[in-house]
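# Breakdown of the fold
What follows is each chain in one-letter form.
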Amino acid sequence: MSTGASFSAKRADIQLLRAWAVILVLLHHADLPIARAGYLGVDIFFVISGFLMTRLIADGIRERTFSFRTFYYRRAKRLLPASLAVVLICLVLSAFLMAPSFQAEFFQTALGAVTFTTNHVLASQSGYFDASAEVAPLLHYWSLAVEEQYYLVIPIVLFLCPARFWKWGALAATIASLLLCFAVVQKSPATAFYILPTRAWEMGIGSLIAIMFTGERSLCAARRAFWPAMFLLIAIPILGVGDALGLAHPGVESLIVCLATMAVLIADRAPAQTSGVFRFAGKIGDASYSLYLAHWPFFAFARMAWPGELPLEARLILLCCAIATGLLLHWLIERPIHRFRFSRPQLLTVPLISASTAIAAFAALSPALRSVDAIPTGLRSGNFGLSMACSGDLQSQQWNRECRSTQHPRVLVWGDSHAMHIAAGVAGAVEGGVIQATLPACPPTMGLSWFDAKMSETDARKCVAFNRQVLQLIEDEPSIQIVVLAGAHHAYFLDDVRTYDEQRGLITVNVENVAKALERTVADIRRLGKRVVLVRSPPTADFDVGLCLERKQLGLPLIGPLARCDIPREMARQRAAEANEILAKVELRAGLSTIGFDDMLCDATRCRTTLGSQHLYLDNSHLSIGGGEVLIRELMIGERIEKAAS
């Protein structure tokens, strides 16, 4: 019985596909424009893995030589040594390079890496105030977890299911997973991206190749499709067609790439391996697993220490270092252990199990053992305003109890997370008490909302319905006299954001759309006999200011032109350009005054992110708990709200 590795080594087309897939991923993570959709390299890997593993298992079952013990032993021997080495190195580096606020989530992903559950860990971490994926050193282990979960299921299914049912069973399961993926990606893109049921169809396509497409007719059809398939495998990842058309991922773009990979694998039209180019590609394909393992931590740790976008020169240097490290990992750990014939399996399995258990125990216990004094209090805690309960459900008893500072509040704070981060400060600055009606990613623009790749149109619809509920709340609460509106209106114009209009559905947004929706909110409030005031967002940045401030306070490495953690004035102006235009229109047409933070924080060149010893920012745009309270107090927002409300 041949192993998957030895079988693939005989096929230059598989090695070529592996090389192309890992090159795409590396170029994408180095943020080089040559591969706009380089993430599709993972989809190519999935198809290859499904094909090789199913071919290996199916041949063994047919020949009555398949053994679960041998199969999983060989998988562990092939995959675990290099994987555990990278996890261990990242754990060591995290002690010196990682801010404490990121360590809890990092240790969760480390635990997931050794238990093959990283995909579920990352799916559960996709919250509003979560750390950026760009600084998660083990982020890329999600795909390994998906593959390992597939490896766990497919041998059991093939072994228990009679061979005559394999074809139709594999086809039905693959189609079901594909349909589930297309359904879920519209409602929960993060779930569709990470979990096995919505990604299994990609490996299922590989399984179909191994089970169904073995006859001469299939071979002839695939050979006719070979060159068009090769063109698609090159063109789609390079051009980034899915991004240009705003397609969800995984989706149509992934399906095309997977089908193209399928055609290439069925055709089996490998060039002669004697060619220098293809011999080189074969070596890259051999080392593709180690290259994939080693590359991402370089970029993650570098982005922790370099606020803002890494320059091209730095990304190229990191890419070269990642490739060199991946090759060393392949030559020194992966290949020697994979090729070595152990006289007894226990000689390898015992150390691997021991190492996995030790890493898992360390990752599980580290958050509990870490000194509380090492974490700056409140600096990186989510700023939800009066309470975490103030996030959308206006009907709950908890909201009614925790989201009003008095029983009959005089001031309502309404908006998205940019209203949440000022709510507690406003409550301490105004007379008569405050009630907070807020929903993250939901600006107070009647009939209009936005959503990005982490959300769905359903979330935008919920926002529109929520804003109607807030208006009803204002009508039902006679004690409310002043409404403070705050929202991240610039979010409508960020990359990968789509806009939902209650009347027209999905629309192409412009400044006028948002301005009219905000004016409608103001008019509706005034119609109820209430006064209204707008609070502008604080200066926002293209980098995580909160992380920068935390690292600065703890003396962790910070390099680059933004190492002081201040926001360049021009950066703040550019990010607020559309929002300022919107608010200028509303001020003029609705006769409304606005309150902003720029005059206090910004000069001609920079916007401060600290006041005295107080760090103001939670991330790139949200105020920290202490920062919101200090700014409101220093700016005398309470008095200004009274004067500006009209």
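In what follows, the accompanying structure is described. Keep in mind the model is a prediction, meaning the values are calculated, not measured. (Residues numbered from 1 in each chain as written. Predicted model: local features only at pLDDT ≥ 70, side-chain atom pairs only at ≥ 80, totals over all residues. Heavy atoms only, no water.)

Bringing unusual backbone geometry into the picture now. Leave glycine aside and you will find that most residues have negative phi; peptide bonds, for their part, are mostly trans. With a phi angle near 60 degrees, F116 is a residue other than glycine that sits in the positive phi range. Among the secondary structure elements, F116 is positioned in the loop between α5 (100-115) and α6 (118-124). One non-glycine residue with positive phi stands out, namely A441, at about 60 degrees. Relative to the elements of secondary structure, A441 occurs in the loop between β2 (434-438) and β3 (448-451). Since its relative accessible area comes to 6%, A441 is described here as buried. (Helix = DSSP H or I, 4+ residues; strand = E, 2+ residues; numbered from the N terminus. Buried < 20%, exposed > 50% of the residue type's maximum accessible area, 1.4 Å probe, protein only.)

This next bit is on the nonpolar core. Grouped burial of nonpolar side chains is what soluble globular proteins tend to show. Core analysis: the biggest nonpolar cluster contains 117 residues, and I44, V87, L138, Y141 and L293 have the highest contact counts within it. In terms of residue count, the dominant contributor to this core is helix α3 (residues 40-62) (13 residues). With sequence-adjacent residues up to four places away left out, L293 is seen in contact with A82, S83, V86, H140, Y141, L144 and L329. A389, A441, L448 and V511 belong to the second-largest nonpolar core, a separate cluster that totals 48 residues. (Core = buried A, V, L, I, M, F, W, Y, C linked by side-chain atoms within 4.5 Å. Contact = heavy atoms within 4.5 Å.)

In this section: the packing of helix α4 (residues 68-97) against α5. One way to put it is that α4 packs onto α5 with a least axis distance of 10 Å and a crossing angle of 165 degrees. Here α4 lies roughly antiparallel to α5, going by the angle between them. Taken as a pair, α4 and α5 cross one another with a handedness that is left-handed. Listed contacts from α5 to L84, V87, C90, L91 and S94 of α4 are Q103, F106, F107, A110, A113 and V114. Counted by class, the contact of α4 with α5 contains nine nonpolar, two polar and no charged residues. (Axes fitted to C-alpha atoms, helices over the stretch in contact; angles between N-to-C directions. Parallel < 35°, antiparallel > 145°, perpendicular 65-115°, else oblique. Left-handed = near helix turned anticlockwise from the far one by under 90°. Nonpolar A, V, L, I, M, F, W, Y, C, P; charged D, E, K, R; others polar.)

As a further point, take the environment of Q481. Counting through the fold element by element, Q481 comes out in the loop between α20 (457-476) and β4 (482-486). On the basis of relative accessibility, which here comes to 40%, the residue Q481 falls in the partly exposed class. The spatial distance from the C-alpha of Q481 to the C-alpha of L412 is 8.1 Å, given a sequence separation of 69 residues. Dropping the residues within four chain positions of it, Q481 is found in contact with R410, K530 and R531.

Right, let's get into the state of the cysteines. The tally for this structure, following the rule as stated, stands at four disulfides. Between the sulfur atoms of C390 and its disulfide partner C403 the distance amounts to 2.0 Å. With the S-S dihedral at roughly -110 degrees, the linkage between C390 and C403 falls on the left-handed side. Of the two residues, C390 is situated in the loop between α17 (346-369) and α18 (397-402) and C403 in the loop between α18 and β1 (411-415); the sequence distance between them amounts to 13 residues. Of the residues examined, C403 reaches a relative accessible area of 1% and is grouped as buried. The disulfide that involves C548 links it to C565, with 2.0 Å between the sulfurs. (Disulfide = S-S within 2.5 Å.)

On to the pairing of strand β7 (residues 531-535). When you tally the buried positions in β7, you get four out of five residues, the bulk of the element. Bridging between β4 and β7 involves five bridges; their strand directions are parallel. Residue pairing across strands places A486 opposite V535, the latter belonging to β7. The sheet contact formed by β7 and strand β9 (residues 594-595) spans two bridges and is parallel. Residue V535 lies in a different strand from β9, and its bridge partner there is I595. (Pairing = 2+ DSSP bridges.)

With that out of the way, let us pick up the sheet that holds β3. Spatial strand order, β3-β5-β6: three strands in an open sheet with antiparallel pairing. Two strands lie at the open edges of the sheet, namely β3 and β6 (505-507), each paired on one side alone. On average, each strand axis in the sheet is tilted by 35 degrees relative to the strand beside it, whichever way the strands run. Bridging between strand β5 (residues 498-501) and β6 involves three bridges; their strand directions are antiparallel. Bridged to Y500 within β6 is L506. Where α20 meets the sheet, it contacts β3, β5 and β6, and its direction lies at approximately 150 degrees from that of β3.

Moving on: the packing of α3 against helix α7 (residues 141-160). At a minimum axis separation of 10 Å, α3 and α7 run at an interaxial angle of 25 degrees. Comparing the axis directions of α3 and α7 gives the class roughly parallel. Of the two possible hands of crossing, α3 and α7 adopt the one that is right-handed. Across the interface between the two elements, V42, F45, F46, S49, G50, M53, T54, I57, A58 and I61 from α3 touch W142, S143, V146, E147, Y150, Y151, I154, P155, L158 and F159 from α7. Split by residue class, the contact of α3 with α7 holds 15 nonpolar, four polar and one charged.

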